[in-house]
Amino acid sequence: MHERFSDVWICKDLGRATTRADLAELGRAALAAYLASRDSRDSRGETFRVVVRADHGNHVVITADQLTDPDWEADPAVCHALPAYLRTALA
């Protein structure tokens with residue numbers, strides 16, 4: 001979606017999930033999978049972030065800068081809550 005007032009492109013609604021997973025962990029997994037599925041040459045100059053919202057109103061924002069830990073792996077239980085194309089990208 002193009003936001004004309006700020007002149008940025010926004011990818012919305014990667015999916016909904018019913019899970020007890022930590023919001024931040026779910027956001028990290030979704031963003032890591034999304035970035036893994038993209039051609040990095042198309043990503044130059046773009047800023048990526050994921051906003052995870054819970055039904056009770058809490059939310060967390062994860063940016064690509066928060067994915068720099070080389071030892072991080074997505075929890076399999078969290079991956080199960082992701083859409084299939086994102087699970088595949090993390091595999």
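Above this text sits the structure in question.
Anyway, here's the lowdown on the structure attached to this text. (Residues numbered from 1 in each chain as written. Predicted model: local features only at pLDDT ≥ 70, side-chain atom pairs only at ≥ 80, totals over all residues. Heavy atoms only, no water.)

Below, the discussion takes up the overall build of the protein chain. For the protein chain, the helix and strand inventory stands at three helices and four strands. For the protein chain, the proportion of its 91 residues judged to be buried stands at 26%. Long-range contacts, defined as pairs at least 24 residues apart, comprise 56% of the intrachain contacts of the protein chain with a sequence gap of at least 6. Carbon together with sulfur atoms contributes 48% to the accessible area of the protein chain, which is approximately 7,000 Å² in total. (Helix = DSSP H or I, 4+ residues; strand = E, 2+ residues; numbered from the N terminus. Buried < 20%, exposed > 50% of the residue type's maximum accessible area, 1.4 Å probe, protein only. Contact = heavy atoms within 4.5 Å. Areas by Shrake-Rupley, 256 points an atom, 1.4 Å probe, with all protein chains shown as cover.)

Turning our attention to the pairing of strand 3 (residues 49-53). Two faces, one strand: in a regular strand the side chains alternate between the faces of the sheet. Burial along strand 3 is one-sided: Val50 and Val52 are buried, while Arg49, Val51 and Arg53, pointing the other way, are not. Inspection of the sheet shows strand 3 paired to strand 4 (residues 59-63) by five bridges, in the antiparallel sense. Residue pairing across strands places Arg53 opposite His59, the latter belonging to strand 4. In this structure, the hairpin formed by strand 3 and strand 4 is closed by a connection of five residues, where Gly57 is found at a positive phi of approximately 100°. (Pairing = 2+ DSSP bridges.)

This next bit is on helix 1 (residues 23-36). An ideal rise of 1.5 Å per residue puts 20 Å on 14 residues; helix 1 measures up with 20 Å between its terminal C-alpha atoms. Most of helix 1 is tucked away, with ten of its 14 residues classed as buried. On the buried face of helix 1, the contacting elements are strand 3, strand 4, helix 2 (76-80) and helix 3 (84-90). Two or three places before Ala24, at the start of helix 1, stands the capping residue Asp22, its side-chain oxygen 3.2 Å from that residue's backbone nitrogen. (Expected span 1.5 Å × (residues − 1). Polar contact = N/O pair within 3.5 Å; in protein donor to acceptor, adjacent residues only side chain to side chain.)

What follows covers the pattern of salt bridges. Across all of its chains, the model carries one salt bridge by this definition. With a shortest N-O distance of 3.2 Å, Arg28 and Glu25 are connected by a salt bridge. Taken together, the residues Arg28 and Glu25, both in helix 1 and three residues apart, mark about one turn of the helix. The class for Arg28 is partly exposed, based on a relative accessible area of 22%. The class of Glu25 is buried, set by a relative accessible area of 14%. (Salt bridge = Lys/Arg side-chain N within 4 Å of Asp/Glu carboxyl O.)

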